[in-house]
Amino acid sequence: MRFEELNVMRGPNFWSDEHRQLIFCSLDPGEQKNIAKEQLNKLQEKLEQVLPGWEAGKKKNGTGTPGLQLAEAIALTACALQDRAGMKCEYSGFFPLKNDRYGITLSYQVEQAGEYALDAALRICEKILNGEDYDEIRYDVDDLLQIKRRYSIGPTTGYILSEIKQRGIPFRKFNDGSLLTLGYGCRQKKIRTAITGSTSGLGMELAGDKEETKMLLAEAHLPVPKGILVDSEEELVERIREVKFPLVIKPLDGNHGRGVTTDINSLEGAIFGYNIAKKISRTVIVEEFIKGEDHRFLVVNHKLVAVTKRIPAHIIGDGHSSIGQLIDKANRDPQRGDGDEFVLAPIRVDDITKKILADKQLSLDDVLPTGRRLVLKDTANISMGGIAEDVTDHVHPDNVFLAERISKIFNLDICGIDIMTTSVGRPITRETGAIIEVNAGPGLRMHSNPQKGKERNVAGAILDMLFPERGSERIPVIAVDAENNITSLLAYLLSAGGFRIGYCNTEGIFIQGHHLFKHKANDIVSIQDVLFEPTIEMAVLECSSEEIMRSGLGFDRCDTAIISGISPEVHLVKNIDSVEEAAKLKKVLLDAVQPGGHIILNANDEHVHALADVTDRKVSFYSSKSSNKNFAAGDRSGAWIAYMENNTVQVKMGVKSVNFPSPAPAQENGTILPAVLCALAQGMDGFVIRDALNMYYGTPSSKRNRFRKKDEKSSAPG
């Protein structure tokens, strides 16, 4: 057995209307194509042993040829493997192809994991059929977990990406990392974790320097702890009297609570804290300890959107379990773990924890009385095992003003502010608290997934800032099938209409008339290169049937689609066996046209014309002859109609019409007519279209002037 081909779909595709992240593969069963029913039963029994529940909750056929049932077993096994690794596989399919081949489709969350799962499923089934023992499922699942960790993005980006997908905002990831481009063309924005393209670089630099942060805040009459900077243990001992006990010691440029020691009451404790902080930063901050609880204020677009109280990692005694056992029990919480998929971090017994225990004359073997609460960390950071409680609804209006003012001082569009205070419900002053840190690119999970209190949709607030109006992230997109190369003409016409155009076709990628890539460029990567080009305000994309079969569409929806032909000679691409299937393939493009969009069909082609019956979008038709029989239905439905008559372009748009002499030879009619219809659909003036056509086809200027004078006296275009 082997896979003859394996293609990854990254958008609307031929195989599924619902699932856009899909892998298709063609299975050649080889000698197993006539596998006996007894062997199939044994395969299923063994799969149940090594992968219990492998077919639970999945669509199961149970009928059909032996080869089809074998394809089914492979598909369900691949699906189950992804499920085991925490990547829910929502769909799998299996169906016959020609020449004793079978198709398998499989949804995925991480593309590389989906491919691995299919290869592993084929290997597992083949070994079982060959009578080999297979008990290595755990290794396959471990490999899938490694792939997931390698290619998955971080928690903050993942959380924002979920909201992006929910809103249908187009996006592109770079280098499998956390940098995202959101939106098309000149409407796009960039974001990395909680840092946007408009986040102030100077603000980030200032927030990254804790001492400079304190100076700015103090200058603005905001409460900050008193403190000093030291570079050596000797300097610490010499200057410690400048700051009264209790103390906090932390690295100057640390983050996530690393290297922080709090509530220090002795020189010995200060030296210990200095050596911890020194591992993180060359310069160390020594400052007064502010009593109270740790709170994170999140400000987006200079508006307070969430406040979380962070509670340090702790355990509560039960009267019989040791401290070590209670820590182990806490770490068995399914929310805790090392990967980005976990909401909480494990509680680790580090030097800080050991010192806390030693100061309280406790060890990991001691048993805590029932109900006794033992704090295990100096800081309340979530990354150090802390938990979060939302307190947004309890914040005093003065503190709302304080937080929003700080975001303005640092000019940070997304700003996290750490404040120690006894209560957020009363104004924060020198007597009730202090501002500890300001953070650019703050973590969001404590607000979106608190362990207590309300969940706050802070990702929604960020996207509302980036795109205040829904749909403002998109530019007009025109998709053209590859049977009639009109992309260059259409781009020329639209450019004449004042639009900054990017387009791609078999000749390459063109941005505002510049030929940037001089090779075939009608694949999904080239299409996305055009869509995410920041200098354009409209995209014209050539969509090849072969590429749609190979990767799906390179976009989720478009404003206009032009379909010029469904020819058996042209469209018998791999796995397409009939004109009817070719029409189904074209329908992928048709279905991508958004509500209110425009579909332009070649009325000369009966199969193309028939597509009008399977869409509720606005449809226009074109033909080389006014007598085309298919125009009658268009007239009755109010569709726009374009045709040639006496070498004149004629366009009927209800009660309005456009006509002007064609500057091109007759063989160009199939190119000019859909281009004119599309340009009119974009709101272009008929005169501008006519003059642009004359320029494109090289008509002398004197003749173009005669056309203008004649049209001005009779029926003017547009």
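In the block above lies the structure referred to throughout.
What this report covers is the structure whose coordinates are included nearby. In this text the structure is predicted, and so the values were computed from the model without any measurement.

### Here we look at the overall build of the protein chain
Alright, step 1. Check the secondary structure of the protein chain and you find 24 helices and 30 strands.
Alright, step 2. With the principal axes as the frame, the protein chain shows a C-alpha extent of 100 × 75 × 40 Å.
Alright, step 3. Across the 718 residues that make up the protein chain, the buried fraction comes to 54%.
Alright, step 4. Intrachain contacts of the protein chain at a sequence separation of at least 6 include 66% that bridge at least 24 residues.
Alright, step 5. Accessible area for the protein chain stands at about 32000 Å²; split by element, carbon and sulfur atoms hold 47% of it.
Alright, step 6. Side-chain charges in the protein chain split into 88 positive and 98 negative, and the spacing between the mean points of these groups amounts to 4 Å.

### Observations concerning the nonpolar core
Alright, step 1. Among the nonpolar cores identified, the biggest contains 53 residues, and Leu531, Leu541, Cys543, Phe555 and Leu601 are the most heavily contacted of them.
Alright, step 2. Top contributing element to this core by residue count: helix H19 (residues 579–591), with seven residues.
Alright, step 3. If near-sequence neighbours (up to four positions away) are discounted, leucine 531 is found in contact with Tyr184, Gly185, Val477, Ala539, Leu541, Gly554 and Phe555.
Alright, step 4. Ranked by size, the runner-up nonpolar core spans 50 residues in total, among them Leu68, Ala85, Cys89 and Tyr108.

### Remarks on the sheet that holds strand S19 (residues 433–440)
Alright, step 1. Spatial strand order, S17-S14-S13-S18-S19: five strands in an open sheet with antiparallel pairing. What marks the edges here is a single partner per strand, and that holds for strand S17 (387–390) and S19. Direction aside, neighbouring strands of the sheet carry axes that sit 30° apart on average.
Alright, step 2. In the sheet, strand S18 (residues 414–421) pairs with S19 via seven bridges, with the strands oriented antiparallel. Its bridge partner being in S19, isoleucine 417 is matched across the sheet by valine 438.
Alright, step 3. Strands in contact with helix H12 (residues 397–410) are strand S13 (293–300), strand S14 (303–311), S18 and S19; relative to S13, the strand with the most contacts, it is inclined by about 60°.
Alright, step 4. Along the sheet, helix H14 (residues 458–466) contacts S13, S14 and S18; its crossing angle with S13, the most-contacted strand, is approximately 30°.

### So, the packing of aromatic side chains
Alright, step 1. Applying the stated criterion to the full structure yields eight aromatic pairs.
Alright, step 2. Chaining the aromatic ring pairs together yields one cluster made of Phe14, Trp15, Phe24 and Phe95.
Alright, step 3. A cation over an aromatic ring shows up here: lysine 584 above the ring of phenylalanine 14, its NZ or CZ 4.5 Å from the ring centre.

### Details of the environment of phenylalanine 245
Alright, step 1. Mapped onto the elements of the fold, phenylalanine 245 is located in the loop between helix H8 (233–239) and strand S10 (247–251).
Alright, step 2. When the C-alpha atoms of phenylalanine 245 and asparagine 265 are compared, they prove to be 5.4 Å apart, with 20 residues separating the residues in sequence.
Alright, step 3. With near-sequence residues (within four places) excluded, phenylalanine 245 lies in contact with Ile240, Ile264, Asn265, Ser266 and Leu267.

### Quick notes on the side chain of asparagine 13
Alright, step 1. Inspection of the secondary structure puts asparagine 13 in the loop between strand S1 (2–10) and strand S2 (21–28).
Alright, step 2. Reaching out from asparagine 13, the side chain makes a polar contact with the backbone nitrogen of tryptophan 15 at a distance of 2.9 Å.
Alright, step 3. There is a polar contact of 3.1 Å between the side chain of asparagine 13 and the backbone oxygen of histidine 19.
Alright, step 4. Setting aside residues up to four positions removed in sequence, asparagine 13 forms contacts with His19, Arg20, Leu22, Gly552 and Val588.

### A word on the pairing of strand S23 (residues 514–517)
Regular strands have side chains that alternate between both faces of the sheet.
Alright, step 1. In this structure, strand S22 (residues 508–511) lies alongside S23, joined through three bridges in antiparallel fashion. Its bridge partner being in S23, phenylalanine 510 is matched across the sheet by histidine 515.
Alright, step 2. Hairpin connection between S22 and S23: a loop of two residues separates the two successive antiparallel strands, and glutamine 512 in this loop has a positive phi of roughly 50°.

### With respect to the pattern of salt bridges
Close approach of charged atoms lets side chains of opposite charge pair.
Alright, step 1. Evaluation of the coordinates by the stated rule reveals 38 salt bridges.
Alright, step 2. The residue arginine 296 makes a salt bridge to aspartate 418 at a minimum N-O spacing of 2.5 Å. Placement of the pair is arginine 296 in strand S13 and aspartate 418 in strand S18, with a sequence separation of 122 residues.
Alright, step 3. The exposure class of arginine 296 is buried, given its relative accessible area of 6%.
Alright, step 4. Aspartate 418 gets classed as buried once you look at its relative accessible area, which sits at 8%.

### Some details on the sheet that holds S1
Alright, step 1. Strand order across the open sheet formed by four strands is S1-S2-S4-S3, with antiparallel pairing between neighbours. Looking at which strands have only one partner, the edges of the open sheet turn out to be S1 and strand S3 (92–96). The sheet shows a mean angle of 15° between the axes of neighbouring strands, direction not considered.
Alright, step 2. The pairing of S2 with strand S4 (residues 102–107) spans six bridges and is classified as antiparallel. Residue phenylalanine 24 lies in a different strand from S4, and its bridge partner there is threonine 105.
Alright, step 3. Contacting S1, S2 and S4, helix H3 (residues 111–129) crosses the sheet at an angle of about 160° to S1.

### Points about the pairing of S18
Alright, step 1. Counting buried positions along S18 gives eight out of eight residues, so the element sits mostly inside the fold.
Alright, step 2. Note: S13 against S18, eight bridges, orientation antiparallel. Within S18, the residue paired with histidine 295 across the bridge is isoleucine 419.

### Structural notes on H3
Alright, step 1. End to end, H3 covers 28 Å across 19 residues, agreeing with the expected 27 Å (1.5 Å per residue, within 8%).
Alright, step 2. Phi turns positive one or two residues past the end of H3, at glycine 131, with a value near 80°.

### Side note on the state of the cysteines
Alright, step 1. For the coordinates displayed, the defined rule picks out one disulfide.
Alright, step 2. Note on cysteine 25: no disulfide assigned, nearest cysteine sulfur contributed by cysteine 125 at a separation of 12 Å.
Alright, step 3. Summary of cysteine pairing: cysteine 558 is not part of a disulfide, and the nearest cysteine sulfur, belonging to cysteine 543, is at 7.4 Å.

### Regarding the packing of helix H2 (residues 66–84) against helix H4 (residues 137–151)
Alright, step 1. Between H2 and H4, whose axes approach to 9 Å, the crossing angle comes to 65°. The two elements H2 and H4 cross, and the hand of that crossing is right-handed. Along its contact with H2, which presents Leu81, Gln82 and Arg84, the element H4 presents Ile137, Asp140, Val141 and Leu144.
Alright, step 2. Split by residue class, the contact of H2 with H4 holds four nonpolar, one polar and two charged.

### Overview of a nonpolar patch on the surface
Alright, step 1. Judged by side-chain polarity, Tyr492, Met695 and Tyr696 come together as a nonpolar surface patch covering roughly 270 Å² of accessible area.
Alright, step 2. Relative to the assigned elements, tyrosine 696 resides in helix H23 (residues 686–696).

### A look at the environment of glycine 131
Alright, step 1. Along the polypeptide, glycine 131 turns up in the loop between H3 and H4.
Alright, step 2. Glycine 131 gets classed as exposed once you look at its relative accessible area, which sits at 59%.
Alright, step 3. Residues glycine 131 and asparagine 399, 268 residues apart in the sequence, show an inter-C-alpha distance of 70 Å.

Calculation criteria
- Residues numbered from 1 in each chain as written.
- Predicted model: local features only at pLDDT ≥ 70, side-chain atom pairs only at ≥ 80, totals over all residues.
- Heavy atoms only, no water.
- Helix = DSSP H or I, 4+ residues; strand = E, 2+ residues; numbered from the N terminus.
- Buried < 20%, exposed > 50% of the residue type's maximum accessible area, 1.4 Å probe, protein only.
- Contact = heavy atoms within 4.5 Å.
- Areas by Shrake-Rupley, 256 points an atom, 1.4 Å probe, with all protein chains shown as cover.
- Lys, Arg positive; Asp, Glu negative; His and termini not counted.
- Charge placed at Lys NZ, Arg CZ, Asp CG, Glu CD.
- Core = buried A, V, L, I, M, F, W, Y, C linked by side-chain atoms within 4.5 Å.
- Pairing = 2+ DSSP bridges.
- Axes fitted to C-alpha atoms, helices over the stretch in contact; angles between N-to-C directions.
- Phe/Tyr/Trp six-rings, centres within 6.5 Å; stacked < 30°, edge-to-face > 60°.
- Lys NZ or Arg CZ within 6 Å of the ring centre and 35° of its normal.
- Polar contact = N/O pair within 3.5 Å; in protein donor to acceptor, adjacent residues only side chain to side chain.
- Salt bridge = Lys/Arg side-chain N within 4 Å of Asp/Glu carboxyl O.
- Expected span 1.5 Å × (residues − 1).
- Disulfide = S-S within 2.5 Å.
- Left-handed = near helix turned anticlockwise from the far one by under 90°.
- Nonpolar A, V, L, I, M, F, W, Y, C, P; charged D, E, K, R; others polar.
- Patch = residues over 30% accessible without salt bridge, like charges linked within 9 Å, V, L, I, M, F, W, Y side chains within 5 Å.

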